[in-house]
Amino acid sequence: MPRSALRSWWLPPGTSPDASLILAARGIRAFTDGYVALLLPYYLTLLGYSAFQVGLIATATLLGSGVLTLLAGVFAYRFRMRALLTSACLLMLATGLGFAAVTDFWPLLLIAIIGTLNPSSGDVSVFSPLEQSLLSHAAASESRTALFARYSLVGHLVGALGALFAAAPGVLAHWDVLELKAATQAMFVLYGLSGLLALALYRRLAAIGSRSDATRAVPLGPSKRIVLRLAALFSLDSFAGGFAVQSLLALWLYLRFDLSVETAGTIFFWTGLLAAASFLAAPLIARRIGLINTMVFTHLPANVFCILAALMPTLPLAVLFLLLRAALSSLDVPARSSYVMAVVSPAERPAAASIAAVPRSLAAAVSPAISGFLLTITSFGWPLVVCGALKIVYDLMLLGLFRKVKPPEER
């Protein structure tokens, strides 16, 4: 199929060729994030660390990502997008090599803080706001939500395949190709090298060399108030989500039901697949009921399912509610990204994307450590209960504060 025909089939009308490159880079990162989120707790327990220490390292990764994302938003207007993306990719390479080579706790904690490792099934790294800003320039207003849905779809679908790939160290050890520890470390090396592949794609983007008014970033100005209010709400949602990031959710399954890495990878493959499929429905729902209503009314039942999963006495029932949660919990992701880009001016988009995304790392950075501590006390799913309850509060507050603030296409 010719490349132009593929773009017309896969991408919304009026989308620039840059979008294909951004989606490809997102897919590369999603694949490695998919298996790293599962292997991280497994690798750390293999090194002899406790659930609390695993939670601390997960917290460190989120805290470091939040700081980097904030710096990118505040100072992006001083640098070319090319320099920011190159620096992020080289940092990804260093992070993967560092986790493969270092086994002592405190150096690992330092690498987690300054690196790009992602313990979550979603994208909480410094790459996300940079890519979202570029995507918002690559599509017209009426196609923006559909393009962000494709972006989220690629992330979750390829991330689900990455979760299956988490079984690779066990397979290599079973075939006596590598010892289990060495095979797991090789997976972190592969994670780092994938940053170079993403860099090769970024360097082909037409927009990153542009200094036109449409793509030049500026600090937040007229949109500052609404972005800060959204960021405050997103901080609550992220704090809640930090109790059930994929690494900690995998750890709960290991402790509660004595699950193997291979079985956990299969479960997270299907949860990722369901989340990916839901993204295709997000633009259709948003066109009918609006972006804010889509964010709220698909999120509420997902949070109820999260609480119910923690209460289930058997693995099949717990997995059932985790699958139901996955089918609905991510419908708000493309709607949220599109909404933030819609309510600010084009020049403010890099800063808005970063500042709105920072709570996804900073506020979520505290809760994994608390979640890990709770799991050292009991294998009951208290982290899932807390996660679901706080997210319900977030949904109701978002609806109350922003239901009358419409993006341009809804006015």
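Quick caveat: nothing in here was measured; it's all calculated off a predicted structure.

About the cut-offs
Counting starts from 1 at the beginning of each chain's written sequence and moves along it residue by residue. Given that this is a predicted model, residues contribute local features only at a pLDDT of at least 70 and side-chain atom pairs are listed and counted only at 80 or more, while totals for whole chains, interfaces and linings are drawn from all residues. Only hydrogens and water are removed before side-chain values are computed, so all heavy atoms of the structure are retained for them. Only DSSP runs of H or I covering at least 4 residues are called helices, and only runs of E covering at least 2 are called strands; the numbering of each starts at the N terminus. All radius of gyration figures rest on C-alpha atoms, and the globule criterion is 2.2 Å times the number of residues raised to 0.38. Only protein chains enter the calculation, and the probe is 1.4 Å; a residue is then buried if its accessible area is under 20% of its type maximum, exposed if over 50%, and partly exposed in between. Computed with the Shrake-Rupley method and a 1.4 Å probe, the accessible areas treat only the protein chains shown as cover for residues. Whether two aromatic rings pair depends on their centres lying within 6.5 Å, for rings of Phe, Tyr and Trp, where Trp uses its six-membered ring; planes under 30 degrees apart make the pair stacked, over 60 edge-to-face, and the rest tilted. We count a charge as sitting over a ring when the NZ of a lysine or the CZ of an arginine lies within 6 Å of the ring centre and within 35 degrees of the ring normal. Axis lines are fitted through C-alpha atoms, for helices just across the contact stretch, and the angle between N-to-C directions can take any value from 0 to 180 degrees. Each angle receives one of four descriptions, namely roughly parallel if under 35 degrees, roughly antiparallel if over 145, roughly perpendicular if within 65 to 115, and oblique otherwise. Put simply, a crossing is left-handed when the front helix is turned counterclockwise from the back one by less than a right angle, and right-handed when it is turned clockwise. Contacts were defined at the residue level, with two residues in contact if any of their heavy atoms lie within 4.5 Å. Residues enter patches when their relative accessible area tops 30% and they take part in no salt bridge; the joining distance is 9 Å for like charges and 5 Å for the nonpolar side chains Val, Leu, Ile, Met, Phe, Trp and Tyr. We define a salt bridge as a contact between a side-chain nitrogen of Lys or Arg and a carboxyl oxygen of Asp or Glu at a distance within 4 Å. Residues are grouped as follows: Ala, Val, Leu, Ile, Met, Phe, Trp, Tyr, Cys and Pro are nonpolar; Asp, Glu, Lys and Arg are charged; all remaining types, including Gly, are polar. pLDDT measures how confident the predictor is about each residue, on a scale from 0 to 100.

*Asks:* So what exactly am I meant to see when it comes to the overall build of the protein here?
*Replies:* Of the regular secondary structure elements, the protein holds 19 helices and zero strands. Its C-alpha radius of gyration of 20 Å places the protein within 12% of the 22 Å reference for a compact globule of 411 residues. When its C-alpha atoms are laid out on the principal axes, the protein stretches across 55 × 40 × 40 Å. The buried share of the protein, reckoned over its 411 residues, is 57%. Within the structure as shown, the protein displays about 15900 Å² of accessible surface, and the carbon and sulfur contribution to it stands at 68%.

*Asks:* Would you explain the packing of aromatic side chains in this entry?
*Replies:* For any pair of aromatic rings, geometry is given as the distance between the ring centres together with the angle between the planes. Evaluation of the coordinates by the stated rule reveals 14 aromatic pairs. Seen in terms of ring centroids, Phe52 and Phe373 are 6.4 Å apart; in terms of plane orientation they differ by 75°. Their pairing is edge-to-face. Linking Phe52 in helix 3 (residues 51–75) with Phe373 in helix 18 (residues 367–377), this pair joins segments that are 321 residues apart in sequence. Overall, the relative accessible area of 44% leaves Phe373 in the partly exposed class. Three or more aromatic residues joined by ring pairs form one cluster here, namely Phe31, Tyr35 and Phe165. Lying across the ring of Tyr151, Arg26 places its NZ or CZ 5.7 Å from the centre.

*Asks:* Please explain the environment of Glu348 as it appears in this structure.
*Replies:* Secondary-structure assignment places Glu348 in the loop between helix 16 (332–342) and helix 17 (349–362). Residues Glu348 and Ser223, spaced 125 residues apart in sequence, show a C-alpha to C-alpha distance of 7.8 Å.

*Asks:* Would you mind showing me how to read the packing of helix 2 (residues 18–46) against helix 11 (residues 246–257) here?
*Replies:* To characterise two packed helices, one gives the angle between the axes of the helices and the distance between these axes. It is at 8 Å that the axes of helix 2 and helix 11 come closest, and there the two elements cross at 50°. Viewed along their axes, helix 2 and helix 11 adopt a mutual orientation that is oblique. Like other packed secondary-structure pairs, helix 2 and helix 11 cross with a definite hand, here right-handed. Between helix 2 and helix 11, the contacting residues are Gly34, Ala37, Leu38, Leu40 and Pro41 on the first element and Gln246, Ser247, Ala250 and Tyr254 on the second.

*Asks:* How do you make sense of a nonpolar patch on the surface when you look at a structure like this?
*Replies:* Taken together, the side chains of Val171, Trp175, Val177 and Leu178 make up a nonpolar region of the molecular surface, amounting to roughly 390 Å² of accessible area. As for its placement among the helices and strands, Val177 is situated in the loop between helix 8 (168–174) and helix 9 (180–202).

*Asks:* Is there a simple way to think about the side chain of Ser133 in this case?
*Replies:* Considering the arrangement of structural elements, one finds Ser133 in helix 6 (residues 127–137). Relative accessible area serves as the criterion here: at 2%, Ser133 is assigned to the buried category. Among residues more than four places away in sequence, those in contact with Ser133 are Met81, Met341, Arg349 and Pro350.

*Asks:* Can you walk me through the packing of helix 4 (residues 81–101) against helix 5 (residues 105–114) in this structure?
*Replies:* Direction vectors running N to C along helix 4 and helix 5 enclose 160°, while the axes themselves pass 10 Å from each other. Relative to helix 5, helix 4 is oriented roughly antiparallel. Along this stretch, helix 4 crosses helix 5, giving a crossing that reads as left-handed. Contacts from Leu91, Thr95, Gly98 and Phe99 of helix 4 reach helix 5 at Leu108, Ile111, Ala112 and Ile114. Of the residues belonging to the contact of helix 4 with helix 5, the class tally is six nonpolar, two polar and no charged.

*Asks:* I'm lost on the environment of Leu362 in this one. Help?
*Replies:* With respect to the helices and strands, the residue Leu362 is situated in helix 17. With residues up to four places along the chain from it excluded, the contact list for Leu362 reads Leu62, Leu63, Gly66 and Val67.

*Asks:* Please explain the confidence of the model for the protein as it appears in this structure.
*Replies:* Interpretation of this model should avoid reading the predicted coordinates in detail wherever pLDDT is low. Overall, the prediction assigns the protein a mean pLDDT of 84, with 91% of residues at 70 or greater. By mean pLDDT, helix 1 (residues 3–10) is the weakest element of the protein at 51, and helix 9 is the strongest at 96. Ignoring residues within four places in sequence, the model shows residues 1–6, a span with pLDDT below 50, making three contacts including any to other chains. Segment residues 211–215 is flagged for pLDDT under 50; beyond a separation of four residues in sequence, or across chains, it makes seven contacts in the model.

*Asks:* Help me understand the pattern of salt bridges, please; the structure alone is not making it clear to me.
*Replies:* Opposite charge on two side chains permits them to pair, given that their charged atoms come into close proximity. Within this structure, the stated rule accounts for four salt bridges. Glu131 is paired through a salt bridge with Arg29; the nearest N and O atoms lie 2.8 Å apart. Remark: Arg29 occurs in helix 2 and Glu131 occurs in helix 6; sequence separation between them is 102 residues. Across this residue pair, the class does not change: Glu131 and Arg29 are buried. Residue Arg336 is joined to Asp237 by a salt bridge in which the shortest nitrogen-to-oxygen separation is 3.3 Å. Separated by 99 residues along the polypeptide, Arg336 in helix 16 and Asp237 in helix 10 (residues 224–241) bring together distant segments of the chain. Each of Asp237, Asp332, Arg336 and Lys391 takes part in a single network of salt bridges with overlapping partners.

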